[in-house]
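Chain residues, written in single-letter form:
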Amino acid sequence: MEPTRGRLVLAATPIGSHTHASPALREALSAADVIAAEDTRRLAALLRRIDLATAARVLSYFEGNEAARTAELTGAVADGQDVVLVTDAGMPSVSDPGYRLVAACVERDLPVTAVPGPSAVLTALAVSGLPCDRFCFEGFLPRKAGERRSRLAGLAAEERTMIFFEAPHRLHEWLLDAADAFGADRRAVVCRELTKPHEEIVRDDLAGLAGWAAGGVRGEVTVVVAGAEPVRAGTSDALELVASRIADGEKLSRAVRVVADLLGVPRKELYEAALAARKKEQ
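Named according to an unreviewed UniProt entry, the chain is Ribosomal RNA small subunit methyltransferase I originating from Arachnia propionica. What the UniProt record of the chain gives under Sequence similarities (unreviewed entry) is the line "Belongs to the methyltransferase superfamily. RsmI family." Taken from UniProt, the Subcellular location (unreviewed entry) comment for the chain reads in full: "Cytoplasm".

*Asks:* Teacher, can you tell me more about the nonpolar core here?
*Replies:* It is characteristic of soluble globular proteins that their nonpolar side chains tend to be buried jointly. Ranked by internal contacts, the top residues of the largest apolar core, which has 23 residues, are F164, L171, W174, L175, F182, V223 and V225. For this core, the secondary-structure elements that each account for two or more residues are β7 (161–166), α7 (171–182), β8 (187–192), α8 (206–213) and β10 (221–225). Ranked by residues supplied to this core, first place goes to α7 with six residues. Each residue touching W174, except ones within four places of it in the same chain, is listed here: L141, R148, L152, F164, E166, V223 and V225.

*Asks:* Help me understand the packing of aromatic side chains in this model?
*Replies:* Any aromatic ring pair is given by two values, namely how distant the centres are and how the planes are angled relative to each other. The full count for this structure, using the stated rule, is three aromatic pairs. Taken together, the ring pairs connect F137, F140 and F165 into an aromatic cluster.

*Asks:* Would you take a moment to explain the pairing of strand β4 (residues 82–86) for this structure?
*Replies:* Side-chain direction in a regular strand flips from residue to residue, so the side chains alternate between the two faces of the sheet. Taken across its five residues, β4 has five buried, putting it largely inside the fold. Of the two faces of β4, the one lined by D82, V84 and V86 and the one lined by V83 and L85 are each fully buried. Note: strand β1 (residues 7–11) against β4, four bridges, orientation parallel. Residue pairing for β4: R7 is matched across the bridge by D82.

*Asks:* What is the right way to look at the side chain of T87 in this model?
*Replies:* Tracing the backbone through its elements, the reader meets T87 in the loop between β4 and α4 (99–107). Reaching out from T87, the side chain makes a polar contact with the side chain of D96 at a distance of 3.3 Å. Residues contacting T87, with those up to four places away along its chain left out, are T13, E38, P92, D96 and P97.

*Asks:* Would you take a moment to explain the sheet that holds β7 for this structure?
*Replies:* Sheet strands pair by backbone hydrogen bonding; their relative direction is either parallel or antiparallel. The sheet built from five strands is open, its strands ordered β6-β7-β10-β8-β9 with mixed pairing. The sheet terminates laterally at β6 (135–140) and β9 (200–205), the two strands that pair on one side only. Going across the sheet, the axis of each strand differs from the next one's by a mean of 15°, ignoring polarity. Relative to β9, β8 runs antiparallel, the two being bridged by six bridges.

*Asks:* Before we go on, may I ask you to explain the UniProt feature "domain: Tetrapyrrole methylase" (unreviewed entry) in the chain in this structure?
*Replies:* Mapped onto this numbering, the UniProt entry annotates "domain: Tetrapyrrole methylase" (unreviewed entry) at residues 7–209. In this annotation, residues 7–209 is assigned 37% helix and 23% strand; the end-to-end C-alpha distance for the span is 44 Å.

*Asks:* Could you clarify how one ought to interpret the layout of surface pockets in this entry?
*Replies:* A water-sized probe rolled over the atoms picks out the places where empty space is left. Estimated volume of the largest pocket: approximately 1400 Å³. Counting only elements with at least two residues in the lining of the largest pocket, the list comes to α2 (40–49), α5 (120–128), β7 and β10. Tallying contributions element by element places α2 first for the lining of the largest pocket, with five residues. Grouping the amino acids of the lining of the largest pocket by side-chain chemistry returns 25 nonpolar, ten polar and 14 charged. Both domains that furnish three or more residues to the lining of the largest pocket are identified here as domain 1 (7–118) and domain 2 (121–225).

Cut-offs applied
- Counting of residues starts from 1 at the beginning of each chain's written sequence and follows it residue by residue.
- With pLDDT at 70 or above as the cut-off, local features in this predicted model cover only qualifying residues; side-chain atom pairs require 80 or more to be listed or tallied, and sums for whole chains, interfaces and linings still use all residues.
- Just so you know, side-chain values use all the structure's heavy atoms and leave hydrogens and water out.
- UniProt positions are given in the numbering used here, feature names are shortened, and annotations may be inferred rather than shown by experiment.
- By nonpolar core we mean a set of buried residues, namely Ala, Val, Leu, Ile, Met, Phe, Trp, Tyr and Cys, connected to one another through side-chain atoms within 4.5 Å.
- Relative accessible area decides the class of each residue, using a 1.4 Å probe on protein chains only: under 20% of the type maximum gives buried, over 50% gives exposed, and in between gives partly exposed.
- A helix here means a DSSP run of H or I that spans at least four residues, while a strand means a run of E at least two residues long, and both kinds are numbered starting from the N terminus.
- Note on contacts: a residue pair is in contact if any heavy atoms of the two residues lie within 4.5 Å.
- The aromatic pairing rule takes the rings of Phe, Tyr and Trp, using the six-membered ring of Trp, and pairs them if the centres are within 6.5 Å, calling planes under 30 degrees apart stacked, those over 60 edge-to-face and the rest tilted.
- Paired strands are those between which DSSP finds at least two bridges.
- Counting of polar contacts relies on pairs of N or O atoms within 3.5 Å, with two restrictions inside protein: one atom must be capable of donating a hydrogen and the other of accepting it, and residues adjacent in sequence are counted only when both atoms are side-chain atoms.
- Each axis is a line fitted through C-alpha atoms, taken for helices only over the stretch in contact, and angles between the N-to-C directions span 0 to 180 degrees.
- Throughout, the protein atoms alone are placed on a 1 Å grid, and a set of points is a cavity if a 1.4 Å probe fits but cannot get out or a pocket if it is open with protein on both sides within 12 Å along at least five of seven lines; lining residues have an atom within 4 Å of a point.
- Grid points are joined across faces, edges and corners, and a volume is the space filled by probe spheres set on the points.
- In this classification, the charged set is Asp, Glu, Lys and Arg, the nonpolar set is Ala, Val, Leu, Ile, Met, Phe, Trp, Tyr, Cys and Pro, and all remaining amino acids, among them Gly, are polar.
- As used throughout, domain bounds are those supplied by an automatic or database domain assignment.

So, in structure tokens, the structure goes:
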């Protein structure tokens, strides 16, 4: 008989106080056969604080050994063991170790599940006061200034709310670069030490936040930046596109409807302008 396959369990750990540990997290840790931890010392401290004992085999799994240890952990899952992956705080694989292990298990068609829990990404978005209906997560940008500025410049026209992680000692320079790329008056929020005793949420434009951060910042940092205002095409650009579609055999009404929706211009205004342009040509 084939051995029963185990599971890879991505277990979110508290981003603040250990008292936020969920019953589901406690159950996963106590029942695990193997616990892969980004920092085994932090795992031990968490277990001690929540008064939880586990008979699991504990292995380190961090950026330095992730590539080498992935095969071992995948093999454990295939052998029928439940492998629980935890990082220092938050959800594994979201700017933390875990992606390689998930991908390896998926490649072998092994079960992957998760213990839901706190997320700095969604928490920061929710408390930011910025639009939450459409957003993107950019994680950590490159450390080198030139590469970071290039990435920010590429996001200048992004219309969705953007969420970033950044190290506290680089935050001031990051905000200066963001102000240069997005505009000094772009709205943003810096969330520091979310859900912890010294939580701080600062809302301002990028220039104001850069000034605030100039004196130095400590703790875990998440930055939420408002998206760019939609760029509306001018009427002349829209009329050119309408004329092109009509020349290809499309009816005026349909051409106006498609172009108006595509470029975000008022349909009635574009239709009247197109009629006026047609009369001039006659």
